[in-house]
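Coordinates in review
Okay, here's what each chain looks like letter by letter:
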Amino acid sequence: MSNDSSHKSTASAGRRAFIVRALGATAASALAQRAVAEPPKSAPGAATLPPADPLHRGPLQPTAADPKAPVPIASAPMGGLELPVLPYLQSALEPHITANTVALHYGKHHRGYYEKTNTAIQGTPLANKPLEQIVKESAKGGKAQSKLFDNAAQAWNHNFYWQSMKPKGGGAPSGELGKRIDKDFGSYEQFKNRLIQTAVDHFSNGWVWLVLEKNKLKIVDTHDADTPLVRGMKPLLVSDVWEHAYYLDYKNVRKDYVTAFVEHLLNWDFVGQNLG
């Protein structure tokens with residue numbers, strides 16, 4: 001074989017090797033892209049994890065309440081007290097209070113008060129007491145028990161708040177309760193206007209209540225965690241005027257939120273049960 005033929009053979013072999021390597025790299029790249037685009041399928045019956053967080057903080061959790069999903073249940077013990085289940089679905093108060101607001105309010109704020117209360121009562125004589133008793137006892141403890149009172153009272157107030165509403169509620173009450181409203185406020189319209197105005201005029205965070213005091217219905221407001229439960233009044237109904245109760249839905253327009261509460265959500269059945 002001539003030197004020229006030998007060089008040609010060597011060059012041809014080199015080109016073939018290069019083409020094989022190139023095709024191999026291309027195939028490998030295609031397989032890698034396919035693997036990213038099509039994650040491996042789980043075996044039948046295997047658990048499916050939520051999608052991974054691109055910031056590598058672990059699996060993503062649901063970000064918003066499914067309006068048709070059941071209310072989250074506090075099945076995991078948090079200590080001596082457990083967060084009660086809501087009396088309705090998270091979406092049940094829409095469009096007046098959205099499922100997102102309920103999910104945040106109930107699942108984060110309300111639950112947080114229970115968790116902090118349980119932490120505070122661990123190893124104390126109040127560890128196995130009912131929430132209402134914890135509120136009343138801590139109210140007598142002065143500054144030393146102010147943190148416990150704040151969290152326990154907020155937990156209790158929120159329990160009362162969720163029950164103060166129901167889907168398709170609101171409007172004027174009927175029967176004996178309607179007569180009682182007329183007697184103590186002049187009319188339902190005067191009751192409604194006074195409750196709304198009390199909420200609007202309330203400075204900063206707190207609660208607006210319908211209470212029974214000395215056999216007369218009254219509207220009162222309390223600041224922060226304060227509650228009629230420790231002030232000699234019988235609570236009948238409450239509207240939460242902390243901003244987390246309405247800001248996602250109404251921004252800073254508290255009047256619109258409280259108007260919707262009175263006209264569309266107020267649970268007169270609950271008021272009647274408390275009045276007795």
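Residues numbered from 1 in each chain as written. Predicted model: local features only at pLDDT ≥ 70, side-chain atom pairs only at ≥ 80, totals over all residues. Heavy atoms only, no water.

Overview of unusual backbone geometry
Excluding glycine, a negative phi dihedral is what most residues carry, and trans is how most peptide bonds are arranged. Note the following rule: We count a stretch as a helix when DSSP gives it H or I for four or more residues in a row; a strand needs E for two or more, and each element gets its number in order from the N terminus. Residue exposure (1.4 Å probe, protein chains only): buried if accessible area is under 20% of the type maximum, exposed if over 50%, otherwise partly exposed.
Cis geometry marks the peptide bond from glutamate 94 to proline 95, where omega comes out at 5 degrees. Not every positive phi belongs to a glycine, and lysine 168 is a case in point at roughly 60 degrees. Residue position: lysine 168 is located in the loop between helix H4 (146–163) and helix H5 (175–185). For lysine 168, a relative accessible area of 84% gives the class exposed. At asparagine 215, a position not held by glycine, the phi torsion is positive, near 65 degrees. With respect to the helices and strands, asparagine 215 occurs in the loop between strand S1 (206–213) and strand S2 (216–223).

Here's the deal with the packing of aromatic side chains
In this description, a pair of aromatic rings is defined by centroid distance and the angle of the planes. Convention followed: Side-chain rings of Phe, Tyr and Trp (the six-membered ring for Trp) are treated as a pair once their centres are within 6.5 Å; stacked means planes under 30 degrees apart, edge-to-face means over 60, and tilted covers the remaining angles.
Evaluation of the coordinates by the stated rule reveals 12 aromatic pairs. With centroids separated by 5.1 Å and ring planes inclined at 20 degrees, the aromatic side chains of tryptophan 156 and phenylalanine 160 adopt a geometry described as stacked. Within this pair, tryptophan 156 and its partner phenylalanine 160 are both found in helix H4, separated by four residues, close to a single helical turn. Each of the two residues, tryptophan 156 as well as phenylalanine 160, counts as buried.

Re helix H9 (residues 268–275)
Stated formally: As used here, the arc is the angular range of directions from the helix axis to the C-beta atoms. Here, two residues are considered to be in contact whenever any of their heavy atoms come within 4.5 Å of each other. What qualifies as a polar contact is a pair of N or O atoms within 3.5 Å, subject to a donor-acceptor requirement within protein and to the restriction that residues adjacent in sequence count only when both atoms come from side chains.
Taken together, the buried positions of H9 are occupied by Trp268, Phe270, Val271, Asn274 and Leu275. For H9, the angular spread of buried residues about the axis comes to 155 degrees, placing them on one side. Here the buried face of H9 lies against H4, H5, helix H6 (188–201), S1, S2 and strand S3 (234–240). You can read the cap of H9 off the contacts: a side-chain oxygen lies 3.2 Å from the backbone nitrogen of aspartate 269, and it is on asparagine 267. Trailing H9 by a residue or two, glycine 276 shows a phi angle of about 80 degrees, which is positive.

These values are about where atoms sit, not about what they do.
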